[in-house]
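# Inside the fold
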Amino acid sequence: MACYYAVMQDLLNLVARYGYALIFGATFIEHLGLPLPAVPVLIGVGALSRSGQFSITGAVVASFAGSILADVIWYQLGRRYGRSVLNLMCRISLEPDHCVRRAEDTFAQNGVWSLLFVKFVPGLNAAAVPLSGMIRIPPVRFFLFDGLGLLAWVAFYVSLGWVFSRQIELAVRLSGLGGSLLAVIVAGLALYVGVKYVQRRQFLGALRGARITADELKTKLDEGGPVTIVDLRNQLDRGIDRVRIPGAFHMLPDFAEIDFEHMKRTGDIVLYCSCPNEATSAKVAAELRKRGLISVRPLEGGLSTWRELGYPVESLD
């Protein structure tokens, strides 16, 4: 038992010495989109602050500084490079690619107010900040709403650790982990990353299937074959990029007011979106096949590849 308390004291001294740098680094890395959950760190520091190991004010300041620095980087990248940054964010994230679509839908419904709560929604925060830059939210307005959202996020988890500090301390003692506590934390993080990686691979594997290339679609259109082209982009995307493949009609992925019997008689159906890996198009294609529409294929590369090859587009106006 004496050895246990000695190890715990050494660990607390280590955390007390590097604690604020640890808080800054954890929140900075998480908000960059890398798989290092900062919430356990915030809760732990909140618990330690009740025993005098940390200042709550210092913990909040360090957390806010790390978070806002990462958010400023992504905001500026989104403002400069647009959708390519959103796609990059989802490619380095362990969350599935639909994070972009969810963030866009959230912004379409709530606007800049979304920044007040997206920090609490897993998978949304990663795309919300570069999206803010992409849709040109003014810098002052972004910093105001993003800053308030960050303060609420930091304060909530630090306060949670402070309120339940006694229970957290008791749980650590009853666990009997002692000197292996750090090893358990590392193992837990490795398990988290491993599970997310497997989920992502399964997600990408599920998207594999028959696709149509832009060249093949252009040939079909030139030959005058029966092809129905469906634009699956949400309103936010269409508002920013107001063009479409000629003849395409818009459909949201929830299939509202769609005449499936009519679509069965329209020949080939080609779906396109603007998300990484054609995630939305592939999911909608799978759902349409379940509903009896056999000849349904996502457009490989979506609208971006179609336009990069110099094929024609028409204005939505």
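How each quantity is defined
Residues numbered from 1 in each chain as written. Predicted model: local features only at pLDDT ≥ 70, side-chain atom pairs only at ≥ 80, totals over all residues. Heavy atoms only, no water. Salt bridge = Lys/Arg side-chain N within 4 Å of Asp/Glu carboxyl O. Helix = DSSP H or I, 4+ residues; strand = E, 2+ residues; numbered from the N terminus. Buried < 20%, exposed > 50% of the residue type's maximum accessible area, 1.4 Å probe, protein only. Pairing = 2+ DSSP bridges. Contact = heavy atoms within 4.5 Å. Axes fitted to C-alpha atoms, helices over the stretch in contact; angles between N-to-C directions. Core = buried A, V, L, I, M, F, W, Y, C linked by side-chain atoms within 4.5 Å. Phe/Tyr/Trp six-rings, centres within 6.5 Å; stacked < 30°, edge-to-face > 60°. Left-handed = near helix turned anticlockwise from the far one by under 90°. Nonpolar A, V, L, I, M, F, W, Y, C, P; charged D, E, K, R; others polar. Parallel < 35°, antiparallel > 145°, perpendicular 65-115°, else oblique.

## Topic: the pattern of salt bridges
A pair can form between side chains of opposite charge whenever their charged atoms are brought close. For the structure on display, the rule yields six salt bridges. Of the charged contacts, one joins K220 and D268 as a salt bridge, the two residues approaching to 2.9 Å between their closest N and O atoms. Of this pair, K220 sits in helix α10 (residues 214–223) while D268 sits in strand β4 (residues 268–272), and the two are 48 residues apart along the sequence. Measuring nitrogen to oxygen at the nearest pair gives 2.8 Å for the salt bridge that ties R233 to D231. We note that R233, like D231, is buried. Connected through shared salt-bridge partners, D71, K119 and D146 make up one network.

## Some thoughts on the sheet that holds strand β5 (residues 296–298)
A sheet is described by the order of its strands in space; here four strands give the open sequence β3-β1-β4-β5, paired in parallel fashion. The sheet is open, and its two borders are formed by β3 (249–250) and β5, each paired with just one other strand. The pairing of strand β1 (residues 227–231) with β3 spans two bridges and is classified as parallel. Among the inter-strand pairings, D231 is bridged to a residue of β3, identified as H250. Running at roughly 130° to β1, α10 makes contact with β1, β4 and β5 of the sheet. Sheet strands in contact with helix α13 (residues 279–290) are β4 and β5, and its direction is about 170° off that of β5.

## A short note on the pairing of β1
Taken across its five residues, β1 has five buried, putting it largely inside the fold. Of the two faces of β1, both are covered, the one formed by V227, I229 and D231 as well as the one formed by T228 and V230. Looking at chain direction, β1 and β4 are connected through five bridges and run parallel. Bridge assignment links T228 to a residue of β4, and that residue is I269.

## Thoughts on the nonpolar core
Residues F107, L115, L131 and F142 are the most contacted members of the largest nonpolar core, which totals 21 residues. Sorting the residues of this core by element identifies α3 (56–81), α4 (83–92), α5 (98–110), α6 (125–134) and α7 (139–163) as the ones contributing at least two each. It is α6 that contributes the most residues to this core, five residues altogether. In this structure, L131 is in contact with L86, A103, E104, F107 and L236, ignoring residues within four places of it in sequence.

## A closer look at the packing of aromatic side chains
As enumerated under the stated definition, the model contains ten aromatic pairs in all. On the basis of an interplanar angle of 5° and a centroid distance of 6.2 Å, the ring pair of F24 and F28 is categorised as stacked. With F24 and F28 both in helix α1 (residues 2–31) and four residues apart, this pair spans about one turn of that helix. By relative accessible area, F24 is classed as partly exposed at 33%. Between the aromatic rings of W113 and F145, the centroid separation amounts to 5.0 Å while the plane-to-plane angle is 80°, which identifies the pairing as edge-to-face. Of this pair, W113 sits in the loop between α5 and α6 while F145 is found in helix α7, placing the two residues 32 residues apart along the sequence. Three or more aromatic residues joined by ring pairs make a cluster, and in this case those are F120, W153, F156 and Y157.

## A short note on the packing of α3 against α7
Packing of α3 against α7 brings their axes to within 9 Å, and their N-to-C directions diverge by 145°. For α3 against α7, the interelement crossing comes out right-handed. When α3 is examined against α7, the residues I56, V60, S63, F64, S67, I68, D71, V72, Y75 and R79 are found in contact with a partner set consisting of P139, F142, F143, D146, G147, L150, L151, W153, V154, V158 and W162. Classifying every residue of the contact of α3 with α7 gives 15 nonpolar, three polar and three charged.

## Considering the environment of Q76
Summarising the element assignment, Q76 is placed in helix α3. Sequence separation between Q76 and V129 is 53 residues, and the spatial gap between their C-alpha atoms is 9.2 Å.

## Overview of the packing of helix α2 (residues 39–50) against α7
Their axes nearest at 6 Å, the elements α2 and α7 cross at an angle of 50°. Overall, the two elements α2 and α7 adopt an arrangement that is oblique. As for the relative orientation of α2 and α7, their crossing is right-handed in sense. Facing α2, whose interface residues are V39, L42, I43, G46, A47, S49 and R50, α7 presents W153, V154, Y157, V158, L160, G161, W162 and V163. In the contact of α2 with α7, the residues fall into eleven nonpolar, three polar and one charged.

Purely geometric stuff here, so don't read any function into it on its own.
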